[in-house]
Each structure stands twice: as C-alpha cells, then as structure tokens.
Amino acid sequence: MSPTTATLDTAAQASLGTPVPRLEARDKVTGTARYAAEQNPPRRAYGWPVPATIAHGRVTAVDTTAALALPGVLAVLTPYDAPRLGPSDDPTLQLLQDTRVPHRGWYVALAVADTLEGARAAAEAVRVGYEAEPHDVTLREGHPGLYTPEEVNGGYPAHREHGDPDAAFAAAPVRVDVRYSVPPLHNHAMEPHAATADWDAGRGHLTVYDSCQGTTVVRTVLAGLFRLPEDRVTVLAEHVGGGFGSKSTPRPHVVLAVMATRRCGRPVTVALPRQHLAACVGHRAPTLHRVRLGARPDGTLTSLTHEVLTHTSRVREFVEQAAVPGRVMYAVRDSRTTHRVAALDVPTPSWMRAPGETPGMYALESAMDELADALGMDPVELRVRNDPATEPDSGRPFSSRHLVECLREGATRFGWTGHRPPLREGPLLIGSGVAAATYPVYIAPAGARAHARPDGSYLVEVNATDIGTGARTVLSQIAADALGVPLDAVTLSLGNSALPPTPVAGGSAGTASWGWAVHDACTALTDRLARHHGPLPDAGLSASADTTQSAKQKPPYARHAFGAHFAEVQADTVTGEVRVRRLLGVFAAGRILNPRTARSQFIGGMVMGLGMALTEHSGLDPAFGDFAERDLAAYHVPVNADVPAVEAHWIDEHDKHLNPMGGKGIGEIGIVGAAAAIGNAVSRATGRRLRELPLTPDRVLAALSVPDTGPV
Amino acid sequence: MKPFAYVRATSLREAADAYAAHPGSRYLAGGTNLVDLMKLGVETPTALIDISRLPLDGITELPDGGLHIGATVRNSDLAADPRVRARYPLLARALLAGASGQLRNVATTGGNLLQRTRCGYFQDPSKPCNKREPGSGCAAREGIHRDHAVLGQSEHCIATHPSDMAVALAALDAEVELYGGPDSSRTVEAAHFHRLPADHPEQDTVIRPGEIITGVRLPAPVPGARSLHRKARDRASYAFALASVAVVLDLDPEDGRVRRCALAFGGLAPRPWRATETEARLTGAAPHPDTVRAAVDAELDRAQPLRDNAYKILLARNLACAAIATLAGTRPGAPATP
Amino acid sequence: MAHATDPPAPGPAHGTPDHAAAGDHRSRVSLRVNGARRDLDLDHRVTLLDALREHLDLTGSKKGCDHGQCGACTVLVDGRRANSCLLLAVTLDGCGITTVEGLAAPDGALHPLQRAFVEHDAFQCGYCTPGQLCSAVGALREAAAGHPSHVTADAAQAGPAVLTAEEIRERLSGNLCRCGAYPAIVRAVADAGTDPAATGTAVEAAV
C-alpha cells in the first residue's frame, strides 16, 4: 500500500463519522439553490428540440418556414445547417450532423426563441419529411442479431467460464433452471436534463450551467465537439436534481444548448421535456436472464450459469453487465457468466443506478431463493453456506467481505425465522423474503486544492458534483479532519470545471475519488502550515494534490461492498396488488463517513429497488419503436404511499485497502438485491413464482388464478 | 401550444356567447386536463372561455333530499363536504381515489366528467388515433393496450374513460345539468353522459357544441342502502384505475334479499359501465356468493378482451364480488380462481 | 432578470383583462406573490410555474414534468396547494400565490416544515423539496380543516384528521421523490405537524 492509503487516525477525528446535516440544506428548503435551467443571464433565449417520429430511416426535408415566421423565433437548427461538430467518443452527441434517424425520438431539429412558449410553438411548427425503413425494437430469445460483445459495461469480459458448468449441472442432485425478465427502466431524476449555455464571442469563452454528474468530462467533450481549447470552456453544476447515472456523461441537451448559443449569440437554455427523456438520456436496457444452479443436498453449490441477453442501439454499444455479479457472489468451481446483445432500432441504453448488479442480482438472488425452496433450506443459510473465501472469478482475497454478518444482523433485526409459512389476513397473503447485495469498489484519480487564509479559515476546492449524495458535506468533513480544524472553518468549492480534473459522481466512487484528493491536499497543506513560521501572508498558503498515482494502483484484493435485504409484503387476492409492508437492509460498505446522508443514500436505493420490483415498467412499442411509458403518469415511479417503513443499517467495517477514509461507496448498493428480496417475499406469500418484473396486479392476479401446486 | 385568446366569463350567457364568437374555442375551468392536452398538442383551442369564476361552486340541498353540486365545485371540496361524506360516501371515496391532493384542489366536477382518455396514442399527435383524428386509425388495438377497454369498445377506439368520480355518479343515478343557452337547458343521466365510441370515438360525451355543464344532481340516498367504492391500480396512490367498482346495495331487512343493486365499473370501458345485467339478476335474490358471482359473470361475459387486457375481467369480477360480499356481510367466494 | 416587474397596471383585482381585439394573445395579470403585488403582461400560454420561474425569477418552484404528474411545482394558490404547471397565469389575476420562497420568515427563521426537513434529512437532490414543502403546508391545512383522504376511515366524520404515517403518505403521494426520501419526509411532516405554526406561512401571516 502507498503511504497515503493509511486510514485516518480515528482518535483525532471530530467530524467524519458524525451525522452532519447537509451543508446546502437551507438553500434547498428555501428554494434558493439554483439548478441549471434557473440561471438567468440577460437576453437568455430558450431552445426546444424536435424529436424524430420514425423509428428508422432518414430525414428527407425540414421545413422551417412556419416556425421561423412565428414571433420571437431566433433560429431553427436542422441537420442541414447546424454547426459541424468535432469528434466525440459518444456518437449519441453527434446531433444534427446527418439525416439518419437511428431511433424514434432522435433529435432532428432545435427551435430557439426568445420565450419558452415561443420555442415550444416553433418546435411544433417544424415540418420534417422522412423516408422510413423497417425497424425492429423487440429483444427476444433467439433474436438473429444477438452476438457476444468483446466486453460489457465497466470493461468486464463478456464471457467467463470456469470448469465444466454443464457437466456439473447435469450431475447436481438439486437443480434450478429458471428464466427472468427485467424490462427497460428509466432513471427519471426529478430534474429533467437541462443546460444554460452562454457563448461570449468577444472573450471567446463558453460558459455552461449543466445538469450533470461531473463537469470535467462535460468540458472535455464540449471542447472537442466545438473545437475549443479546454480553457475556453467553463462548466458549472452547483446543484443537480439527481442523476442516477443518466447525467454521468454529457447528454444531447447540453450539446444543443451550446449549438444554439453559438448560432444566436445569446445565452440559451435547453431544458428537456420529461416526455423526451426516455429516448434521449439513456435507460437501463431490458435483460432476459437464464440462471442454472446445481447444488448438493446440503446446499453446496456445484454449478452456476448466468446467461444474459440484452439490447443496445445502432448508435452505440452499451451492454448491461448483468452476469458479472455471478463472478463475485458464491463459491462455486464450475461456472459460466456470459452476455449476448442485439443492436436494435432503440434509444441508446446507458447507466442507471448499479448497472449490471441491479438486474443481475435480481435474477441471481431470485434463483438462489428458488434453490433454497428446492432444497427445503433457509435461504439465509444457503447463502452463508456458499460464502466464498476468495473472489470466485479471480481467486483474489477480498479486502473485506461481511455478507454473512449482514445476513445474520438483518435476520435478527427483521425477525427472520427461516422458512416461515405464509400468513393470511382475510384476502391478504403475507410473506417475507431475503436477498443479498453487492457492488464493486471503484476509484478514479482526482485533483484538489486546499488554501489556508490568514483569518484561520480554509478554502478547499475540488470539482465534485453533489447530485444529492451529500458530497459537499462529506468532503467538507474529510477536509476538516485532515486539516484538524472544526467543520465550520472549511468552505468547500465544487461543481466547477475550472478546478483540477476529477471523475464524475458515478460508480459509487465519488466520495472515495474526490475525498482522497481532498484528504491529500489538506494533508499537504497541514504539512506546509506546520513548516510555516509566523503569520500567514495575505494571500494565504496553498497546497494541491493529484491522486493519479495512488488511485490507479491495482490492489491485490477483490474489493466489493455487500449487503442483505429483508422484505415483508402483502398480496391482495382480490386485486393482485402487492404492497411492501417492511423493508430492511444491512450493508457492509467500509467506513460510513456521515450516517445521516449515508442512511438517506441506502434508503433511496432501496426505494428505487421497490419501484423496480413492483411499479416501474417501460416497454418498447413494436409498431412505433418508442417507449410506451414516456411520462410520469405512465411510468410509475413509486409514490410516498408505496413506501412503508424502510430501515437501513450497517456493519462497522474496517478495511485498510481502500482509501484514506476507509469507505467503499454507498450510492448504488441500496438498490442491488432489493427487487429480489421483494420478489422472493411475494413468492413466499403467494406460493407462486413470478419471474417477470414488475409484479403488477395483472401479473399477480394471473399467477394467483393458477392453482397453488405447492413450493415452486 | 399555439397562441389563444382568453375570455373570462361573468355569466353563463356571456360564456356561451363568447364560445359562439370564437370558433375553435374551449371552456376552461380547473384546466388540469385541458392545459395538459394543450401542452401535448392534442387540444389546440383558438380561445379559452374561462368559466372557473362563474357562481357554480356551491353544494346545495334539493327539495327531494338530494344534493346539487355546482359544476365548478373542486373535487377536494366535494369529497370533504360533510353531507357528501355522510350521505354519499361512495362519491367521496371515489374522488379521493383519484389524482393527488393538489390536483383535486383544482379539478372541478364538470371538468372531471369531461376529462379525456389517457390512452398513450390519443396523447401523442405523432400517431394515429381515431378519437383525436377521426379516420386515422386505432393504434392501440394491435399496440400497447394493457390499460384499455374490454367492454363497450368499437373497432375504431378501445380507450377507457379515466374518471373515478364518474363511476360513483353513475352508480348513484346522478344527473348532469347542461346549459346550452338562455332557453336551452337539459339534464342527462350520468351513466349515459359518456357515449360509446362506435363510429365516432371523437365524441366522448353527449354534450353538444357550446353546452356547459352547470351542475350534477344527486338523488336522495336510498334509506338503508350501503355503498362502497374500490379501485385497483399499479401503485398505492396517484394512478389511474386498472379497474374499479362502485356499488350501492339495498337489502331487505326482513329476508336479506336484494331490493336494489346499482353497480358501476370503472377502467373497463369508454364510459362508467353500469352492470345492468348483474343488477337485474341480483334484484330479488339472496346475495349468496355463488349467486353474486353468476350475476357478475353474466355482465362480464359480454367483455371482449384484447391480447393484453383479459386480466381486467378477472379483476373486475373479484372487485365486484368482494364489494357486494362486504356490503352484504357475506364471505366472498375464493377470489382469483377461474 | 429580463422581465422583472412590468410597470404596474392599475387594473382591478379579479377583473376582466383588457382584450379589446380578437386574436389578442396577451393580458395584464396582477398576482400577489409571497405578499408582494406583481403586475405582469403575459402571453396567455404562460403557466403560473413559468410566470414564477421565467418572469419573476422565483425559481424555487420546480419543473419536474410540466404535466401535473410529479408535484415539484406545487405552490399555494389562495392558500390551497396546486400544481402551478397546469394553471395558466392569466386565469389567476388577483390571486395570492405562496411559493417556497415565501415560507420562511422575513428574518430568515425557517418554517417548521423547513426545519423538520433539514433535521430529518428529508431530501437529497432537493429538486422535489419546494413542492414537498408547499404540498405539506397545504396537506396540514386540509387535515386541520377536516378534509379526509383516501385512507381516512368513513367513520371519521368531523374534526381535524389525525395525521398518522399512513395519512401523511397518502396525502403527499402527489409529490414524487426519485431520491426515495419518503420515509424521512413522513417523519418530518409528522414532526412539524405537531407545531401549530406549520399550517401558516410568514408572508400570509403578514398580509
């Protein structure tokens, strides 16, 4: 380990580990926190994009006459006259560069007007001619377009195989061979994607307020697209209304806003309508799973196969890495974890909270429950029995792994009693379920600066983005402790691409990546101050850090967070409506740096998992090629009434192989496994196994109408 | 959204005159659906005639013991009215099962009746829809139709009516009052206010151009009758009905037989669906679970489900049987088995 | 801010706007926003939400869906909660509007609900928060006035509604929170709901 990874001395800490309220709380409850569309530079105009209304083909003409004739309309950008863009790694950002239409909802024009109403009306008045070609948006088993990609999201190999899983499965005394289906899902952060861009032609400088998960990458991409030196681009994101992966990289809105400000010479806000998001900002791709588990009668796994089919778009390959958790979870010698993908005429999928783990663990943990049923074994004990000593796929030791402790602690807190029979209360069937959670530890290099002022206060600068995680707060805590000063002596500046480069708020790696840089900068400043004698100069003293060396070291450990979910549900035999009565999670995610914001993170993930289990459904319309559920009336994000008592707890985990703070990242693990626990509870309650999410009344009622044939 | 003129009417007559003077205009009350549809480009009025400030916001006693509900009474005020809660709990329940607190504060009685279907094809002007654009076709029939109608639909339209309130009004034998001009007023039974699509799905209701809903009349409650509203939905609140049922049941205290039953389904049809066949079979019968089920099935046997919405029949049957069993104090038959 | 307050128009409150010519698509509108009279000349298409955000620079009210499906835009209109995205500003001439900016006292003292939201960490990204807060004020008022909810027992006929967790969940189900802060929101509202001041707002008290 490098010297910098020694954990902070707990004895000296004042702030980390304490439930500090979020520092921007007052701004958020008084409405003074401004988000990207709420910047009001003088002469601001508004852009409204025009989505394609065919699923495949090309634009043959764009008639802007009527739109341009409307009062206050400044411009209509089309594929024929939009600014030519420089290169980008992400082809979904090559907007209005050619006439092809790769999916319905792809942007084919942008109307700009001096009012919001004018821009919308102008967009509606744009007439687009198309030449449509046949399209295919339906993923299915046996689709001729399925292929095994080189790698899947996260850079993992698409296919891994150990031993002979088929022979081991054939020889296993107890087997399950089951298929699950997870539909497309949408991030739907409450703040729709928005950007306010302001091109100052005189200064040759572009300023962009963007709703994003990291401004460094937005600046880099915009500089490339618009052929500007990076120091001529400033991207700001002080407050961001959620992202859940959908704002991890620049999305079309920000490119369109910059095109518009460059064309019109005025600041332009592009705030995407909610109905556009499903097609334009990424989604969790649907996954079809086949899981085969073989075991001895004592529950010892002898074979594990997890095969995943998914879709991507014709624009860009993105493969949801849903079979990857099978490489981490259980001790089994013979295994196969593999992905195949078909490129369809669909919107481009992208990151959504715990990509891979979320659908993958739904399938794997449901199959484990089915195996426990087949074995007549407590599903907690089945998981304990197969807890591996080393990471199954790599053979590396775990830096720390406390899944068993999470299961035990959760079972105690929940009152789990193993194979408890279902209860019946009138028309309600009640049952409980359990599932495990896992999420990898990621970290990326970051830079930070710390500055001591003569008045005894400190300014810490790090280009973190607080999308609601509490980053602003916990990074201030890290700084205060590293400086050895009270929290209120520290001011943190973030959300500004002019600061040293950092990675995005993603992969549950923000706090570790940014925090390490903050820690190092503050430690360096402390050293510098210790060597300084006499009063500080008027300009103060500064130090900076760059964790490129330390964060890139490949540790000899497998590093993952783990957790366990317990759910109690009721299924109404009259209506098929399922409601969660209790949800409890216990997590082992390294050191918890701020219990208040951490609890909110865990619970927030669990609630999103509840939605995945019960309410959230999106489907592609075969005839028209778009998502049928495009707004928040049709796409059912859970409401308050869906969410009962939810508890999150954690194991005190000391892992010296992570980063100076000792945390593993907590933004995503809360969703992983939650849907499986709820689904397993529904199975226990109803005696029926439903394998297609979400568990909506139509499906539950259909399952209940088939006579119960005993354990399934 | 296209620009439009705005007229705030101070009398019904002024409103009707303004409507006549502005071809392509629409009346506006709460606007929770109309403004939504204007943003979607489904409605493109040339003018809005604002009737929200007309003195139609009272709830008054009728001489026959019924209630008169003004057309602009807000859904939340109607649901909270002590007389409604005491005498028509069915109506209060149905209202409270719909939308959200803040929408109910704005949505009006008349507007609730006139809300349009939530069919995704209707709401998307880039797609065919006979209701929005007669003759363009019905995309839902072969498309996404899990939420669509199993009763009363036509080959031209399979959309459901989304209102919960209207289902209760249908079961309560309410009447809708319409103003068509100084000498032109009429009332229509709530159960027949909405029309079946047949060849003209663009006409949701029997309302004539320019007519204004001025109120709803509730007949006096049947003494001794009990009522119940129940709605099944995809989430616990703030979602449209997959199916719902409103039942008024009057049992003979002597022999326990059904003196009168009024049953309306929501979410199944282009209008609140009065189950007349069920009502006829139950009248005079003892509400034994088997009898109830047979009576409910007699109605639902008319259903014509599509590829993905047959579950609604089972759901509606379960809801109706459970509701009647609850009101009759009998145990329901085992639900959810064929 | 480009539009700020347009020259005051002496038009009568609750009066008929001046629309002399057919095809006139704008009207003068007078609103009392957080206690202050604001006179605007607005395109009829402008919603209350956009009037607040784009014309009055009161960006606390959020646009999450613009179709009444998320509740982020919730404000109080003449004291009652409403989705400002579905209200056309022109229809509100003469009305009183309270936004999240009007909840705290002029001296900066937070409203009891604001304090409770901070204390219970009842938000993460904060984008739904202004709507949750205004909705909660409205919901507490409705409960105090005896308004039932879908989970209120039929038998409970008179008097203020008792705000159990189940009642709060139902009454606040018109406000989506994608960060999943619902459990904390329910605790915060329950907590603040015991404070009689929670049904008031500073600006309304001052009017």
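Remember, predicted model here, so these are calculated numbers, not experimental data. (Residues numbered from 1 in each chain as written. Chains lettered and ligands numbered in written order. Predicted model: local features only at pLDDT ≥ 70, side-chain atom pairs only at ≥ 80, totals over all residues. Heavy atoms only, no water.)

### Here we look at the overall build of chain A
(1) Moving on: Along the backbone of chain A there are 16 helices and 26 strands.
(2) Moving on: Taking all 712 residues of chain A together, the buried fraction comes to 68%.
(3) Moving on: Within chain A, counting contacts between residues at least 6 apart in sequence, those at least 24 apart form 81% of the total.
(4) Moving on: As presented, chain A carries roughly 22200 Å² of accessible surface, and 52% of it is formed by carbon and sulfur atoms. (Helix = DSSP H or I, 4+ residues; strand = E, 2+ residues; numbered from the N terminus. Buried < 20%, exposed > 50% of the residue type's maximum accessible area, 1.4 Å probe, protein only. Contact = heavy atoms within 4.5 Å. Areas by Shrake-Rupley, 256 points an atom, 1.4 Å probe, with all protein chains shown as cover.)

### Focus on the packing of aromatic side chains
Here a ring pair, both rings aromatic, is described through the centre-centre distance and the interplanar angle of the planes.
(1) Moving on: By the definition in use, this model includes eleven aromatic pairs over all chains.
(2) Moving on: Each ring, one from Tyr35 of chain A and one from Tyr127 of chain C, has its centre 5.1 Å from the other, and the planes form 80°; the classification is edge-to-face. Note that Tyr35 of chain A is positioned in the loop between α1 (25-30) and β1 (45-51) and Tyr127 of chain C in the loop between α2 (112-119) and α3 (129-144), a pairing that runs across two chains.
(3) Moving on: Since its relative accessible area comes to 3%, Tyr127 of chain C is described here as buried.
(4) Moving on: Among the aromatic residues, those joined into a cluster by ring pairs are Phe414, Trp416 and Phe566 of chain A.
(5) Moving on: Just above the ring of Phe169 of chain A sits the side chain of Arg175 of chain A; from NZ or CZ to the centre is 5.7 Å. (Phe/Tyr/Trp six-rings, centres within 6.5 Å; stacked < 30°, edge-to-face > 60°. Lys NZ or Arg CZ within 6 Å of the ring centre and 35° of its normal.)

### Details of the nonpolar core
(1) Moving on: The biggest cluster of nonpolar side chains holds 176 residues, and the ones touching the most others in it are Leu293 of chain A together with Phe117 of chain C.
(2) Moving on: The element best represented in this core is helix α14 (residues 595-614) of chain A, accounting for ten residues.
(3) Moving on: Apart from the residues within four sequence positions on either side, Leu293 of chain A is in contact with Phe169, Val174, Arg175, Val176, Leu301, Ser303, Leu304, Leu364, Ala367, Met368 and Leu371 of chain A.
(4) Moving on: Leu225, Cys280, Ala480 and Ala482 of chain A belong to the second-largest nonpolar core, a separate cluster that totals 78 residues. (Core = buried A, V, L, I, M, F, W, Y, C linked by side-chain atoms within 4.5 Å.)

### Focus: the pairing of strand β23 (residues 541-546) of chain A
Residues and elements named next belong to chain A.
(1) Moving on: Here β23 shows a clear split, with Leu541, Ala543 and Ala545 buried on one side and none of Ser542, Ser544 and Asp546 buried on the other.
(2) Moving on: Bridging between strand β20 (residues 447-452) and β23 involves six bridges; their strand directions are antiparallel. When the bridges of β23 are listed, Ala452 appears paired with Leu541. (Pairing = 2+ DSSP bridges.)

### Re the interface of chain B and chain A
(1) Moving on: Contacts between the two partners involve 34 residues from chain B, matched on the other side by 34 residues from chain A.
(2) Moving on: Of all residues in chain B, Met1, Asp234 and Arg235 of chain B bury the most surface against chain A, accounting for 22% of the area lost on that side.
(3) Moving on: Between the two partners, chain B and chain A, sit four salt bridges.
(4) Moving on: Residue Asp124 of chain B pairs with Arg630 of chain A through a salt bridge whose shortest N-O separation is 3.3 Å.
(5) Moving on: Viewed at the interface, chain A and chain B are joined by twelve residue pairs in polar contact (both at pLDDT 80 or more). (Buried area = accessible area lost by both parts, 1.4 Å probe. Salt bridge = Lys/Arg side-chain N within 4 Å of Asp/Glu carboxyl O. Polar contact = N/O pair within 3.5 Å; in protein donor to acceptor, adjacent residues only side chain to side chain.)

### As for the confidence of the model for chain C
Residue and element names in this part refer to chain C.
(1) Moving on: The predicted model of chain C has a mean per-residue pLDDT of 89, with 86% of residues at 70 or higher.
(2) Moving on: Predicted confidence is poor over residues 1-22, with pLDDT under 50, and the contacts of this stretch with residues over four places away or in other chains come to 42 contacts.
(3) Moving on: Interface confidence for the predicted complex, expressed as ipTM, amounts to 0.97; the pTM equals 0.96. (pLDDT = per-residue confidence, 0-100.)

### Digging into the domain arrangement of chain C
Residues and elements named next belong to chain C.
(1) Moving on: Considered domain by domain, chain C is made up of domain 1 (26-102) and domain 2 (112-197).
(2) Moving on: Between domain 1 and domain 2, the C-alpha centre-to-centre distance is 22 Å.
(3) Moving on: Residue-level contacts link 17 residues of domain 1 with 17 residues of domain 2.
(4) Moving on: Together domain 1 and domain 2 conceal approximately 1300 Å² of surface at their shared face, both sides included; 54% is due to carbon and sulfur atoms.
(5) Moving on: If you look at where domain 1 meets domain 2, you find one salt bridge.
(6) Moving on: Glu142 serves as the salt-bridge partner of Arg81, at 2.8 Å between the closest nitrogen and oxygen.
(7) Moving on: For the side of domain 1 that touches domain 2, the class distribution of residues is five nonpolar, eight polar and four charged. (Domains from an automatic or database assignment. Nonpolar A, V, L, I, M, F, W, Y, C, P; charged D, E, K, R; others polar.)

### What to know about the interface of chain A and chain C
(1) Moving on: On the side of chain C, 49 residues touch chain A, which itself brings 60 residues to the contact.
(2) Moving on: The junction of chain A with chain C conceals about 4400 Å² of combined surface from both sides, 53% of it contributed by carbon and sulfur atoms.
(3) Moving on: Counting every contact that joins chain A to chain C gives seven salt bridges.
(4) Moving on: There are 28 residue pairs in polar contact (both at pLDDT 80 or more) connecting chain A and chain C.
(5) Moving on: For the side of chain A that touches chain C, the secondary structure elements donating two or more residues are α1, α3 (116-125), α7 (274-280), α14 and β26 (645-650) of chain A.

### A short note on the packing of α14 of chain A against helix α15 (residues 674-686) of chain A
Residues and elements named next belong to chain A.
(1) Moving on: Where α14 contacts α15, the axes come no closer than 7 Å and their chain directions differ by 50°. In terms of orientation, α14 lies oblique with respect to α15. The interaxial crossing formed by α14 with α15 has right-handed handedness. Where α14 approaches α15, its residues Met606, Gly609, Leu610, Met612, Ala613 and Leu614 are matched on the opposing element by Ala674, Ala675 and Ile678.
(2) Moving on: Class assignment for the residues of the contact of α14 with α15 results in eight nonpolar, one polar and no charged. (Axes fitted to C-alpha atoms, helices over the stretch in contact; angles between N-to-C directions. Parallel < 35°, antiparallel > 145°, perpendicular 65-115°, else oblique. Left-handed = near helix turned anticlockwise from the far one by under 90°.)

### Considerations on helix α1 (residues 12-21) of chain B
Residues and elements named next belong to chain B.
(1) Moving on: Ala15, Ala16 and Ala18 are the residues of α1 that are buried. One side of α1 carries all its buried residues, which in axial view fall inside an arc of 160°. Of the exposed residues in α1, those oriented more than 90 degrees away from the buried face are Arg13, Ala20 and Ala21.
(2) Moving on: In this fold, the buried residues of α1 make contact with β1 (5-8), β2 (26-28), β3 (47-50), β6 (175-181) and β8 (212-218). (Arc of directions from axis to C-beta.)

### Things to note about the sheet that holds strand β10 (residues 243-251) of chain B
Residue and element names in this part refer to chain B.
(1) Moving on: Within the open sheet, the four strands sit side by side as β9-β10-β11-β12. Their pairing is antiparallel. Of all strands in the sheet, those bounded by a partner on one side alone are β9 (226-232) and β12 (273-274).
(2) Moving on: As paired elements, strand β11 (residues 258-266) and β12 share two bridges and run antiparallel to each other. For Phe265, the partnering residue across the bridge sits in β12 and is Trp273.

### Quick word on the confidence of the model for chain A
(1) Moving on: Overall, the prediction assigns chain A a mean pLDDT of 96, with 97% of residues at 70 or greater.
(2) Moving on: Segment residues 1-12 of chain A is flagged for pLDDT under 50; beyond a separation of four residues in sequence, or across chains, it makes 24 contacts in the model.

### What to know about α3 of chain A
An α-helical turn contains 3.6 residues, so any two residues separated by three or four positions project in the same direction.
(1) Moving on: For α3 of chain A, a buried count of nine out of ten residues is recorded, marking the element as mostly surrounded by other parts of the structure.
(2) Moving on: All of the buried residues in α3 of chain A are Leu116, Glu117, Gly118, Ala119, Arg120, Ala121, Ala122, Ala123 and Ala125 of chain A.

### Points about the pattern of salt bridges
(1) Moving on: In total, this model carries 84 salt bridges over all chains according to the counting rule given.
(2) Moving on: A salt bridge links Asp298 of chain A to Arg385 of chain A, with the nearest nitrogen and oxygen atoms 3.8 Å apart. Taken together, the residues Asp298 of chain A in the loop between β15 (287-295) and β16 (301-313) and Arg385 of chain A in helix α9 (residues 379-385) connect sequence positions 87 residues apart.
(3) Moving on: Judged by relative accessible area, which is 35%, Asp298 of chain A ranks as partly exposed.
(4) Moving on: Overall, the relative accessible area of 46% leaves Arg385 of chain A in the partly exposed class.
(5) Moving on: Here Asp66 of chain C makes a salt bridge to Lys39 of chain B, at a shortest N to O gap of 2.7 Å. Of the two residues, Asp66 of chain C sits in the loop between α1 (48-55) and β3 (74-77) while Lys39 of chain B sits in helix α2 (residues 34-40), which places them in two different chains. We note that Asp66 of chain C, like Lys39 of chain B, is buried.
(6) Moving on: Taken together, the shared-partner salt bridges connect Asp369, Glu370, Asp373, Arg684, Arg689 and Arg691 of chain A into one network.

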